[in-house]
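Inside the fold
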Amino acid sequence: MSSFAGRMKEYPNMSLDRFDRENLHARAYFLSHCHKDHMKGLKGPLLKRKLKFSLTVKLYCSFVTKELLLSNPKYAFWEDHIVALELESPTLITLIDEASGEKEELVVTLLPAGHCPGSVMFLVEGAQGTVLYTGDFRLAKGDASRIELLHSGSRVKDIKSVYLDSTFYDPRFYQIPSRETCLHAIRGLVQDWVSRSAYHTVWLNCKAAYGYEYLFTNLGDEFHTQIHVKSLDMFKKMPEILSHVTTDRATQIHACRHPKDEEFVPASRLPCGSSASDGTPLNIISIKPSTMWFGERTQRTKVIVRTGASSYRACFSFHSSYSEIKDFLSYLQPINIYPSVIPIDVDCADWLFEGADLAPVRKRVMMQEATPTTLPNPPDEPLPLTHIPLITGDYMDCTESNDDEEERYLEEEERGGERDEGSVSNSGTPPHWEEFFTTEILTDSQTSQPHSCSHTSPSHSTLTGSQTPELFVDDSVKLPSQAESMLIQSEDRCQGDALTNLDAGGEESGSHTHQSEPTESQVSSDFDIPSTPDSHTPGPDDLSDLYRRLAAGEEVVTRTGSQSL
DNA sequence: GCGATCAGGT
DNA sequence: CACACCTGATCGC
């Protein structure tokens, strides 16, 4: 849970993702995405009153976030105070102190965060330097190098501070299977089930939060069906999503919810109460998207876990893993890092200080926010940790990792392997939600013709798979040597039930099928290499070299004017 | 009656 | 593990 107090040290007159307490005095507000834990105070009466008397206070966010926010009537009073910004379009924003008239100019750029529809990171450039507020994000390895506006020419911008979503910035969450791997596994399970008969139905037990939409669109496409959901209202202006969801219960894939669902769902009923028209009972399995992570030493493709006769958990994460965060930070090389949650357990912080001999000349500290009890100065004195927070060398074991073997688990059935995934989905690229957005309001009957309205996104993203096929990752690339050495051949891998052994009745299957070792190409999917021509992600060797040179006092970071628009 | 906070649940 | 909620109880205004 984000404990970010809302303000950045460099630009205390803007508030991001927090709208209570000190943030009531902000000159401008920023919302990175539409999750409740980032909207604290946003519907508070104090802020509501402030808006009434203010001509200049605005809330900046993406078009999609604006749409999702306003689909909830409780936030309707914001309507005339929201300024939706295009992605990747640097925008000059003037912060005005309404009492004194004092002005402060900033250039703010929204960068896609891959966390949920509309989610963005805020890149802020101004007199106090360039800072990046990540909000919540899920970016794959190498993604930072593909974001043009993090660069100035061919070089990464000089970033003073990163305000980081550090949810999984802990070695225990070393690796999380890629979005494509998870999607592929879920697709396989759904395929296995719904192909049995028209009465075989899948219930996706998703949380009441945005972020599962790309699962719906992908499964919808794959199985030529729409996914049953509770409401379509919020997607009115997002034809790509809208066309894949329905309120018609007569479909084999459901993601509907009911306040008190959990109990009676796996038995035979869906939250929506749907049943076959001829009285035949439906065969229902539930798939619960959950975050499952993979420590270095438990490298195995446990992407789907069977938790009962007809219930499964499927790996699914909105947040970047430790290794993805590490890659992100290694690439950006910020001077300061402010984690949004306490970075790691004090008891196992030793790993932080490994490699201290490589400490660079350039000051590099891990900042920690003032604890809530030491208010009222949110961007208060940081707590500098004296050594490098990023260890690009060997990862040190922190705690024993995830070996919760209390449940029977399935290993992902690899079928065609992951090499072919680029042809199935926009592999290697996070979903680009703005593409789904239109200013038109479509009715249900119009949604059979999905289209993206490019006029709302004149500056297209380099992350957009559909527009940049050359960015597709070739999963067959050789592992970087370091990454390769980190992969431990698993000992005897426990065999789970193969997906193909599911009974029609959902009984636990007695038969076991030997699972083959993942091939290198399958395992390497999280160590892919970016292919953007004019940029590259430094590999572990590059970084070690870089640190060595920094430690030797060489000037390797060339400063460029970070004020360029 | 409302909001904020906490406990407990998925 | 931790997420992003939800519900209900309690407290204060």
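Scope of this entry: the structure provided in the associated data block. (Residues numbered from 1 in each chain as written. Chains lettered and ligands numbered in written order. Predicted model: local features only at pLDDT ≥ 70, side-chain atom pairs only at ≥ 80, totals over all residues. Heavy atoms only, no water.)

The helix and strand tally for chain A stands at nine helices and 21 strands. Partitioning the intrachain contacts of chain A with sequence separation of at least 6 by distance along the chain shows that 72% fall at a separation of at least 24. Of the accessible surface of chain A, which amounts to about 23,800 Å², a share of 51% is contributed by carbon and sulfur atoms. (Helix = DSSP H or I, 4+ residues; strand = E, 2+ residues; numbered from the N terminus. Contact = heavy atoms within 4.5 Å. Areas by Shrake-Rupley, 256 points an atom, 1.4 Å probe, with all protein chains shown as cover.)

Turning to the environment of Met121, a few remarks are in order. Tracing the backbone through its elements, the reader meets Met121 in strand 7 (residues 120-126). Look at Met121 and you get buried, because its relative accessible area is 0%. For Met121 and Leu164, which are 43 residues apart along the polypeptide, the C-alpha to C-alpha distance reads 9.8 Å. When sequence neighbours within four positions are dropped, the list of residues in contact with Met121 reads Thr109, Leu110, Leu111, Pro112, Ala113, Leu132, Tyr133, Thr134, Phe137, Leu139, Ile147 and Phe328. (Buried < 20%, exposed > 50% of the residue type's maximum accessible area, 1.4 Å probe, protein only.)

The next thing to look at is unusual backbone geometry. One non-glycine residue, Arg21, adopts positive backbone phi at about 50 degrees. Secondary-structure assignment places Arg21 in the loop between strand 1 (14-16) and strand 2 (28-30). The backbone of Glu88 shows a phi angle near 55 degrees, a positive value even though the residue is not glycine. Following the sequence through the fold, Glu88 ends up in the loop between strand 4 (82-85) and strand 5 (91-96). Classification of Glu88 as buried rests on a relative accessible area of 9%.

What follows is about the sheet that holds strand 1. The strand order across the open sheet built from four strands is 1-2-3-4, with neighbouring strands paired in parallel fashion. The sheet is open, and its two borders are formed by strand 1 and strand 4, each paired with just one other strand. Mean inter-strand twist for the sheet, computed between neighbouring axes without regard to direction, equals 25 degrees. Sitting on the sheet, helix 2 (residues 63-70) is in contact with strand 3 (58-62) and strand 4, with an inclination near 115 degrees to strand 3. (Pairing = 2+ DSSP bridges. Axes fitted to C-alpha atoms, helices over the stretch in contact; angles between N-to-C directions.)

A separate point is the pattern of salt bridges. Opposite charge on two side chains permits them to pair, given that their charged atoms come into close proximity. On inspection of all chains with the given rule, the structure shows eight salt bridges. Here Asp20 ties to Arg18 by a salt bridge, and the two come within 3.2 Å at their closest N and O atoms. Note on Asp20: relative accessible area 15%, which makes it buried. Look at Arg18 and you get buried, because its relative accessible area is 12%. Of the charged contacts in the structure, one is a salt bridge between Glu67 and Lys237, with a shortest N-O distance of 3.6 Å. (Salt bridge = Lys/Arg side-chain N within 4 Å of Asp/Glu carboxyl O.)

Let us now look at the side chain of Thr65. As for its placement among the helices and strands, Thr65 is situated in helix 2. Of the residues examined, Thr65 reaches a relative accessible area of 0% and is grouped as buried. At a separation of 2.9 Å, a polar atom in the side chain of Thr65 contacts the main-chain carbonyl oxygen of Gly118. Each residue touching Thr65, except ones within four places of it in the same chain, is listed here: Leu31, Ser32, His33, Cys34, Pro117, Gly118 and Ser119. (Polar contact = N/O pair within 3.5 Å; in protein donor to acceptor, adjacent residues only side chain to side chain.)

Around DNA strand C lies a shell of 14 residues, among which Met1, His35, Lys36, Lys207 and Trp293 are the nearest. Within 4 Å of the protein, the contacting atoms of DNA strand C are 71% sugar and phosphate, with bases supplying the remainder. Within the side chain of Asp37, one N or O atom sits 3.4 Å away from a phosphate oxygen of DNA strand C. Here a phosphate oxygen of DNA strand C and a side-chain polar atom of His115 are 3.5 Å apart. (Near = heavy atom within 4 Å.)

Our next topic: helix 2. Among the residues of helix 2, those classed as buried are Val64, Thr65, Glu67, Leu68 and Leu69. On its buried side, helix 2 packs onto strand 3 and strand 4.

Time to look at the nonpolar core. Counting residues in hydrophobic clusters, the biggest one holds 63 residues, and the most contacted among them are Leu42, Leu204 and Phe216. Per-element tally for this core: the top contributor is helix 3 (residues 179-194), with eight residues. Setting aside anything within four residues of it in sequence, one finds Leu204 in contact with Leu215, Phe216, Leu219, Ile253, His254, Ala255 and Ile287. If you look at the next biggest cluster of nonpolar residues, it comprises 23 residues, including Ala113, Met121, Tyr322 and Tyr331. (Core = buried A, V, L, I, M, F, W, Y, C linked by side-chain atoms within 4.5 Å.)

What follows is about the packing of aromatic side chains. The full count for this structure, using the stated rule, is 19 aromatic pairs. Plain terms: the ring middles of Tyr29 and Trp78 are 6.1 Å apart, the flat faces sit at 80 degrees to each other, and that makes the pair edge-to-face. Taken together, the positions of Tyr29 in strand 2 and Trp78 in the loop between helix 2 and strand 4 put the pair 49 residues apart, joining distant regions of the chain. The class of Trp78 is buried, set by a relative accessible area of 0%. A ring pair is formed by Phe316 and Phe318, whose centres lie 5.8 Å apart and whose planes are at 80 degrees; its orientation type is edge-to-face. (Phe/Tyr/Trp six-rings, centres within 6.5 Å; stacked < 30°, edge-to-face > 60°.)

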